[in-house]
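Residues per chain, in single letters:
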Amino acid sequence: MPLMDGWEMICRLKADERTRQIPIIACSGEEAPRGARYLAADVILPKPCALDLLLIEARRLLLRRAA
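Summarised in this report is the structure supplied together with it. Remember, it's a predicted structure, so these values are computed and weren't measured experimentally.

Another aspect to go through is unusual backbone geometry. For the bond running from Lys47 to Pro48, omega is -5°, close enough to zero to count as cis. With respect to the element layout, Pro48 can be found in the loop between strand E2 (43-46) and helix H3 (51-66).

Now for the nonpolar core. Inside soluble globular proteins, nonpolar side chains tend to come together where they are buried. The biggest cluster of nonpolar side chains holds six residues, and these are Trp7, Ile10, Ile24, Ala26, Ala40 and Ala41. Look past the residues within four positions of Ala41 in its chain and what remains in contact with it is Trp7, Ile10, Ile24 and Ala26.

Now for the pairing of E2. Residues Val43 and Leu45 line the buried face of E2, whereas the alternating positions Ile44 and Pro46 sit on a face that is not buried. Strand direction decides the pairing type here: strand E1 (residues 25-28) and E2, joined by four bridges, are parallel. Opposite Ala26, over in E2, you have Ile44 as the bridge partner.

This part covers the side chain of Thr19. Mapped onto the elements, Thr19 comes out in the loop between helix H1 (6-15) and E1. Within the local environment of Thr19, its side chain forms a polar contact with the backbone oxygen of Leu13, the two atoms lying 2.6 Å apart. Contact partners of Thr19, with chain neighbours within four places excluded, come to Arg12 and Leu13.

Parameters at a glance
Residue positions within a chain follow its written sequence, with the count starting from 1. Under the rules for a predicted model, residues below a pLDDT of 70 receive no local features and side-chain atom pairs below 80 are neither given nor counted, while totals for whole chains, interfaces and linings still include all residues. Water and hydrogen atoms play no part in the side-chain values, which are based on all heavy atoms of the structure. Think of it this way: any DSSP run of H or I at least four residues long counts as a helix, any run of E at least two long counts as a strand, and we number them from the N terminus. Within this scheme, the nonpolar core is defined by two criteria: the residues are buried Ala, Val, Leu, Ile, Met, Phe, Trp, Tyr or Cys, and they are joined through side-chain atoms within 4.5 Å. Three labels apply to residues, based on accessible area from a 1.4 Å probe with only protein chains included: buried if under 20% of the type maximum, exposed if over 50%, partly exposed otherwise in between. Any two residues whose heavy atoms approach within 4.5 Å at even a single point are treated as in contact. When DSSP finds at least two bridges between two strands, those strands are taken to pair. Each polar contact in these results corresponds to two N or O atoms within 3.5 Å; when the atoms are within protein, one needs to be able to donate a hydrogen and the other to accept it, and residues that are neighboring in sequence are counted only if both atoms are side-chain atoms.

Honestly, it's all geometry; don't read function into it.
Right, here's the structure in full:
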């Protein structure tokens with residue numbers, strides 16, 4: 001993304017009333033993202049992101065949202 005990084009995009013989505021309810025799964029190369037970065041995403045998975053783990057987390061978030 002040429003104008004911002006993924007963390008900035010997540011913060012913008014969470015700050016906007018129209019998009020803040022969208023669950024966000026971030027994949028990060030950082031071992032333990034800190035501060036606002038960590039709190040902005042609903043789930044942070046380590047890179048390389050295993051597809052099975054991504055699907056488990058997506059289902060979990062969607063089920064939590066449907067409840």
